[in-house]
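Per-entry structural report
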Amino acid sequence: MTYPPAGNPDPYGQQPQQPDPYGQPQQPQPDPYNPYAAAPGSPAAPQYGQQPQQPYAAQPYSAQPYAAPPAATNTMAILSLVFAFVFAPLAIVFGHMAKKQIKQSGEGGDGLATAGLVIGYIFTGLGVLLCCIYGIIFVVAINEAGSSTY
């Protein structure tokens, strides 16, 4: 590379490389995009034809058995639990249908069907009890109204 004479400025604005005024030698910087470049304090980069040193040894894939896909949840079991809060007698019907289907097909949802059955029976029992109480109150009110002496 040729430098322009000292009296003429460089037309491209390039300055010639000046040596370090403090006399310290400049060390080359490692290439940040090269994973095998030697960083300060690390072993040297592998030469051509050598395998790089891996921090962790590559392990072969182990033959792990695959888990079976989760069984599909029975639709009747889901409906049983939903209808336990909407219309309890229907939850009982759906719960028994779900239990039968789950036993035959091996689907999931046995817990949902059981929960739907239990809640359905409880709410149906409470509903029947409430109807009986209203019936008794109604009969007592009719008898009281008929026996009044106006």
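Use the structure listed above.
Our subject in this report is the structure included herewith. As a convention, each chain's residues are numbered from 1 in the sequence order in which they are written. Reporting in this predicted model follows two pLDDT cut-offs: at least 70 for local features of residues, and 80 or more for side-chain atom pairs to be given and counted; totals over whole chains, interfaces and linings ignore these cut-offs and use all residues. Note: side-chain values were computed over all heavy atoms of the structure, leaving out hydrogens and water.

This part is about helix α3 (residues 110-146). For α3, with 37 residues, the first-to-last C-alpha span of 53 Å sits near the 54 Å given by 1.5 Å per residue. Exposure classes here rest on a 1.4 Å probe applied to the protein chains alone. A residue is buried below 20% of its type maximum, exposed above 50%, and partly exposed in between. Numbering of helices and strands runs from the N terminus; a helix is a DSSP stretch of H or I covering at least four residues, while a strand is a stretch of E covering at least two. Residues of α3 that are buried: Ala113, Gly116, Leu117 and Gly120. Contact between two residues is taken to exist if any of their heavy atoms lie within 4.5 Å; hydrogens are not considered. For α3, the elements touching its buried residues are α1 (75-86) and α2 (88-105). What a helix should span is 1.5 Å times the count of its residues minus one.

With that settled, the discussion passes to the nonpolar core. Grouping buried Ala, Val, Leu, Ile, Met, Phe, Trp, Tyr and Cys residues that are joined through side-chain atoms within 4.5 Å yields what is termed a nonpolar core. Counting 6 residues, the largest nonpolar core is built from Met76, Ala77, Phe94, Ala98, Ile102 and Ala113. Of all elements in the fold, only α1 and α2 reach the threshold of two or more residues within this core. Here this core takes 3 residues from α2, the largest share from any one element. In contact with Ala77, not counting residues within four places along its chain, are Ala98, Ile102, Gly109, Leu112 and Ala113.

The next thing to look at is the packing of aromatic side chains. Each Phe, Tyr or Trp ring (for Trp, its six-membered ring) is paired with any other whose centre lies within 6.5 Å, and the angle between the two planes then decides the class: stacked below 30 degrees, edge-to-face above 60, tilted in between. Summed over the entire model, instances satisfying the criterion amount to 2 aromatic pairs. Between Phe85 and Phe123, the ring centres sit 5.9 Å apart and the planes meet at 75°, which makes this aromatic pair edge-to-face. Of the two residues, Phe85 is situated in helix α1 and Phe123 in helix α3; the sequence distance between them amounts to 38 residues.

Everything listed here is a matter of geometry and, on its own, says nothing about what the molecule does.
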